[in-house]
Each structure stands twice: as C-alpha cells, then as structure tokens.
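Fold and contact review
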2 protein chains.
Amino acid sequence: MTNRQIVLQELPRDRLGPEHFRLAEADVPQAGDGQVLLKTRYVSLDAANRAWMQGATYRAALAAGDVMAGGALAEVVDSQVGHLQPGDLVFADTGWQDYAALPAKRLEKLPDLKPLTHLLSVYGVAGLTAYHGLMECGRPKAGETVVVSAAAGSVGSLVGQIAKIKGCKVVGIAGGAEKGAWLRSELGFDATVDYKAGDVRRALRAACPDGVDVYFDNTGGDILEAALFNMNIHGRIACCGAVSQYDGAAPPHGPRGVPGLIVTKRLKMEGFIVSDFRDKDAQALADMQAWVADGRLKVQEDVIEGLENLPAALIGLLAGENRGKRMVKVA
Amino acid sequence: MTNRQIVLQELPRDRLGPEHFRLAEADVPQAGDGQVLLKTRYVSLDAANRAWMQGATYRAALAAGDVMAGGALAEVVDSQVGHLQPGDLVFADTGWQDYAALPAKRLEKLPDLKPLTHLLSVYGVAGLTAYHGLMECGRPKAGETVVVSAAAGSVGSLVGQIAKIKGCKVVGIAGGAEKGAWLRSELGFDATVDYKAGDVRRALRAACPDGVDVYFDNTGGDILEAALFNMNIHGRIACCGAVSQYDGAAPPHGPRGVPGLIVTKRLKMEGFIVSDFRDKDAQALADMQAWVADGRLKVQEDVIEGLENLPAALIGLLAGENRGKRMVKVA
C-alpha cells in the first residue's frame, strides 16, 4: 500500500500551472496517540487553495515541498480515539493525498447522507459559507436587491438561491453567456451580468434599476469596484473571497470608492469565514435540508475523477470553468 | 444693510485656492412663509466642505456661482414660524454669508451655552460625529487599541479622548512632531505617529505592539492602507471621512488590502454620518457634558475672525494647519 501525494513543487509567482505540482509516493502513515488514519474520498477544490500560496491568511502560508493542502471528505480507517471508528466519515484537511494521519480532537463524525458529495457542497463549507455570509453579513430583507459575484460557483450559486427564498431580487455576476443563461433558467436568478462582456458597472446599473442593497463579494477587484458604485445608502457588502486577486502577483491597489463611497453611502463591508458562525450551523443545515427536500434549493456539483487530476481541477477552477461545487473523487 | 457673500467662483480641478472664491454683496433677504431670517455668527469649517465640490455626497454637489455652502451657528433675527423667536440660536446651513432666509421646519433652538463656540465643537457635529462613530461603528472595549487619523482635528481629538475614557490604549496619527507632542501631553494620547515622517505602516506597527482593534478613519488613502495592514482579527474600521482624497482630482485607486485583508482578518468597515444616530444624540451630549465638566474631555477650538477669511481658513484646514475645531466668527 502506498500513499500517493501531490506536492507543491514550487510556489507560483504569477499564474498557477501544472509545473508547480508533482506527484510523489510515500508510505501510508500510522495513527499516533490521539490520531486517526484517514482515507481521502473526495477533495474539495476552492479558490482559497490558491490564496494559501500567497501568504498567511486564516492559516499559515504554504511552502514549496509541502503536500498540497486541502479539505476533504475522508473515511476513518484506523482510530486511536474513542469518538471515531473505522468507517466513520469526517471533513478534514487531509491535503492532496490518499492517506493522512491527523489529530482527531477537532474532527466530528458526519452523517451518512446520500449523495455523499452533498457533505462537501450544500451541507459543507460551501453551503454554510453561502448561508452565514448572506444572512449574518448581508442581512437581506424581502424586496431588496442582492448581487453575488462568481455566481455560478459553489458558494455563489447557493447565495443567489437563498436570497430568492428570502424574497429578494437576485442578480448574479458570472463569466460568459452560458453561465448566465443557466443561472436564470435553472436557478431562478432574476438577471445576470457577464463580466467578460465589458463594462460591469454599467451593466450592473442596468440590471439593478433600484440599486444594490446587498453585495456578496467572491471576487474583489474591478467587480467589487463596480458594485461599490451601484450600492444603495446603508447597503451591506459581505466580503467572502477575492478570487480575481489570487492567481497572480499581489494586486497593486484596491478598488476606487474606498473609503469615499463607504462614507457617503454609509456602507458596511464585513469580512467573514465560515467558522465564525459555528454556533449557527445547526439552524443553517436544517434550513438548507428543508429547501433541498422541497426543491427550492438546487445543488450543482462538478465531480472529477482521480487524485492525479487535482492540479488541473484547481487551475480550471481559478479560470472559472466549473459550475457549482468542484471536487475530485480520490476513492 | 448689505449681505456679504462668498461665492464659489469656479470649481477646483486640483487643489483649492483663493482664486476659486470671490466676495460679493447682495441685499439682505426676507423670511418668507415658514422661514426664518438668520444672522450668521460662527461658520464651521470642515473637510467635507471640499468634498462637496467633488460631486454629490449626502448632499447635492456644489456648482460654480453658488454661495459657498457651510454649516453655521446663527441667530434668528426674523421669524415667520411659531417655534423660533428673534434671538434664538440655531445650527443651519446658512452658507458663507452674513444673512440667510431658510425654511425653519428642521431647525431647532439650541441651548444658550457658555462658551457659545462649544455648540460648533464638542456639542455640535464634531463632537457627535466623534462620539457616535466611535461608539456605534468602532465599538471599543476596554483594553483594546484604538487608532484615529487626523487626530489633532476637531473630530479626531475628541475620538482619542473618548476612547481613553472608555479604557482603551489610544494612538493618534497626525502631521508633524508638534501636533504629536500636544496630543500626548495635553490630551493624554498614549502614542502618536507622524505621517509626514515616512513609513506609516511600520510606525503604526511599532506604536501598536498588540495590533489595532479599532481604526477611526478621517483620511482614507495611504493612512487607511497602513491601518488595514495593522488591524487585528475582527477589528472595526469607522469610516468617517477621507480628507486625504478631497483636495485634488479623484484618486485613481483605493487602498491595497481591500478586500483581501477584510476577508482574512474578518474586518468590519462601516461608513456613517452623524445624522444616522440622531436618536442617540441626547445620551451623547449628556456624556460629553459630564466629561467636559470633570475635565476628562478637553475642547480645543481654533477661532478665526472675519467672514472674508473663510476661504483661507478652509484652505488652511485642508493643509492641516488647525488644532481642534476651526471656525470663523462672522458676527
């Protein structure tokens, strides 16, 4: 038994490419005191994976030579602790490898849902990020206009649908006419803006004749700037991520309108990560399970097979090729 | 009887200068139905005066040929309404002129305090802006580090002192060694940073070894950027103004770190104007009166004589020459 690993060969200085990774093989580790040995089932692909290569965020920066980090749905195959047994499923930062021996203290047994992949999408970090960020930072009221960027992605596609359930008008920003059509026809978005088609600020104004009350920002950069100029007085911006800023050198400047528009429009911009709201996870999951069950919340997943395809899966995600939650099935 | 007026001759494209104003004379207007005739006593000078020349903010933009706008402490000399009598004092947007006839609906009689000038400083817009912005947007807790920019100005000098009263460590950012010495020795600031002396980001780090929990932003621009990089997780930024951005062409970019640092540090940036918190004015005034009475809140005022000196007073304020609340005594 060997442990295939994808190692971060070199930190990218500009765009991430396959040359920054290499496939390695190691022995399968053993679970030490207080640890479990995990078998990786599905690895979650997230724009944040790329941000971790830029420097310290809410976790330490990655370094050349590390097994690439990443969260995964994993199965316990050996346990040195009482609360987890072989066969149990957990969400853990296994990294991009077949097996990982990890401290079990913070790991929790997941329910055995069908399909299993929903544990990484709607009932995982993506779903909870969408729900908490929208509800706690965006605080949408029925009748308001909610805009979300990276709207066809794992988080954005859920944000827009939850905002619709809450009675809002929803506008999604996504790249390309096909994604826009899908968001409108399949997910019920009221309108979409194709950021690849030109002037986002003007297109957003046309799509939001009553202005923007809540902007859920997954991109940062020019799209955030376009939103700032369209915000209504007392609007809220939920700062979830900045995918436009991750895959390259650090951006030289922030968006225009900061802080001028924040002052004159009395905006609130608030950053969050999903773990800030752990005490509200149970309510979020109950709501989303009900909405999935009654068909109001559609879950789009993009599952790629094979550990060896992880680098290409991440590179493609950064280029916006996925719809919904991208993950790689390892075993 | 004539009405001297200072007219905005031309909108500035870059820095504001005396050539953008001219002195004019007009007849004294009459109070119409529902109006009062006001005699201007003290005109408030504010960085926002310059921002009004850039475009619409929370008020319509100024235009060439307008009497220059500005808030003032004024005395009722004729009244067509029941709730105001000759001799009453009000705060009103008289503009830069001896007399103005204005609708009385939103005007309230002010108490007859000594010194009268405190109605424009600590008990006026400056004091309420400092109090509400710090307490409602900054939400400082005892023991936290609070940083304020334009710290020697009308608002900043009060923000720092209120934060000290609330048990915080207070660091002020101001231009020049003299202002810094005054803030430390007279107003009790724990430390100061001279933004004219070079690397603000580094100096702020040295002055705030425990990081920054609350940043009260009066400047925007590079100083906001320096603060962003020194914020602690879950820090709050109260966006009050952007004086560094007003006196020139519109800035081409915002500060770096937006939204990246907002996300990773889960910051909250919130813009406000003082009238958003009118329902809390009574409490604010009661607190500040008590602190002034017991000597914990020192009020610094900078009173210039003569309506004709208004342009120079504003130009000087934008260059940072004042300490505390600048106003011009007209009558």
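Residues numbered from 1 in each chain as written. Chains lettered and ligands numbered in written order. Predicted model: local features only at pLDDT ≥ 70, side-chain atom pairs only at ≥ 80, totals over all residues.

1. Thoughts on unusual backbone geometry
Residue and element names in this part refer to chain A. Defined as follows: Secondary structure elements are defined from DSSP: runs of H or I of at least 4 residues count as helices, runs of E of at least 2 residues count as strands, and each element is numbered from the N terminus.
Here the bond from lysine 114 into proline 115 is cis, since omega is -10 degrees, no more than 30 degrees from zero. Checked against the element boundaries, proline 115 lands in the loop between strand S6 (99-103) and helix H2 (125-138). With omega at 5 degrees, the peptide bond leading from valine 258 into proline 259 counts as cis. With respect to the secondary-structure elements, proline 259 resides in the loop between strand S11 (231-239) and helix H7 (260-264). One non-glycine residue, alanine 150, lies in positive phi territory at about 50 degrees.

2. Focus on the domain arrangement of chain A
Residue and element names in this part refer to chain A. Keep this limit in mind: Where each domain starts and ends follows an automatic or database-derived domain assignment. Throughout, a pair of residues is in contact if the C-beta atoms placed from their backbones lie within 7 Å. Note that Gly is not counted as nonpolar here; it falls among the polar residues with everything else outside the nonpolar set of Ala, Val, Leu, Ile, Met, Phe, Trp, Tyr, Cys and Pro and the charged set of Asp, Glu, Lys and Arg.
Under the domain assignment, chain A is made up of domain 1 (2-121 + 300-329) and domain 2 (125-275). The straight-line distance from the C-alpha centre of domain 1 to that of domain 2 is 28 Å. Taken together, the contact between domain 1 and domain 2 spans 21 residues of the former and 18 residues of the latter. Of all elements in the fold, only helix H1 (47-51) and strand S14 (325-329) reach the threshold of two or more residues within the side of domain 1 that touches domain 2. The leading source of residues in the side of domain 1 that touches domain 2 is H1, at four residues. Looking at the side of domain 1 that touches domain 2 residue by residue, the classes come out as six nonpolar, eight polar and seven charged.

3. A few points about the environment of A:Pro12
With respect to the element layout, A:Pro12 can be found in the loop between strand S1 (2-8) and strand S2 (21-27). Along the chain, A:Pro12 and A:Arg50 lie 38 residues apart, while their C-alpha atoms are 9.3 Å from each other.

4. Let's talk about the nonpolar core
Generally speaking, soluble globular proteins have nonpolar side chains that are buried together. Using the following cut-off: Think of a nonpolar core as buried Ala, Val, Leu, Ile, Met, Phe, Trp, Tyr and Cys residues, each tied to the set through C-beta atoms within 7 Å. Between the buried cut of 20 or more and the exposed cut of 12 or fewer other C-beta atoms within 10 Å of a residue's own C-beta lies the partly exposed class, and all C-beta atoms are placed from the backbone.
In this structure, A:Leu38, A:Val147, A:Ala227, B:Leu38, B:Val147 and B:Ala227 are the most contacted members of the largest nonpolar core, which totals 214 residues. Excluding residues that lie within four positions of it along the chain, B:Val147 makes contacts with B:Val171, B:Ile173, B:Leu204, B:Cys208, B:Val212, B:Tyr215 and B:Ala227.

5. Some details on the interface of chain A and chain B
The line we're drawing: Any two strands between which DSSP finds at least two bridges are classified as paired.
On the chain B side, the residues contacting the 32 residues of chain A number 32 residues. Listing elements by their share of the side of chain A that touches chain B, those giving two or more residues are H7 and strand S12 (268-271) of chain A. In the side of chain A that touches chain B, the residues fall into 15 nonpolar, ten polar and seven charged. The pairing of S12(A) with strand S12 (residues 268-271) of chain B spans three bridges and is classified as antiparallel. Across the sheet, the residue bridging to A:Met269 is B:Met269, located in S12(B).

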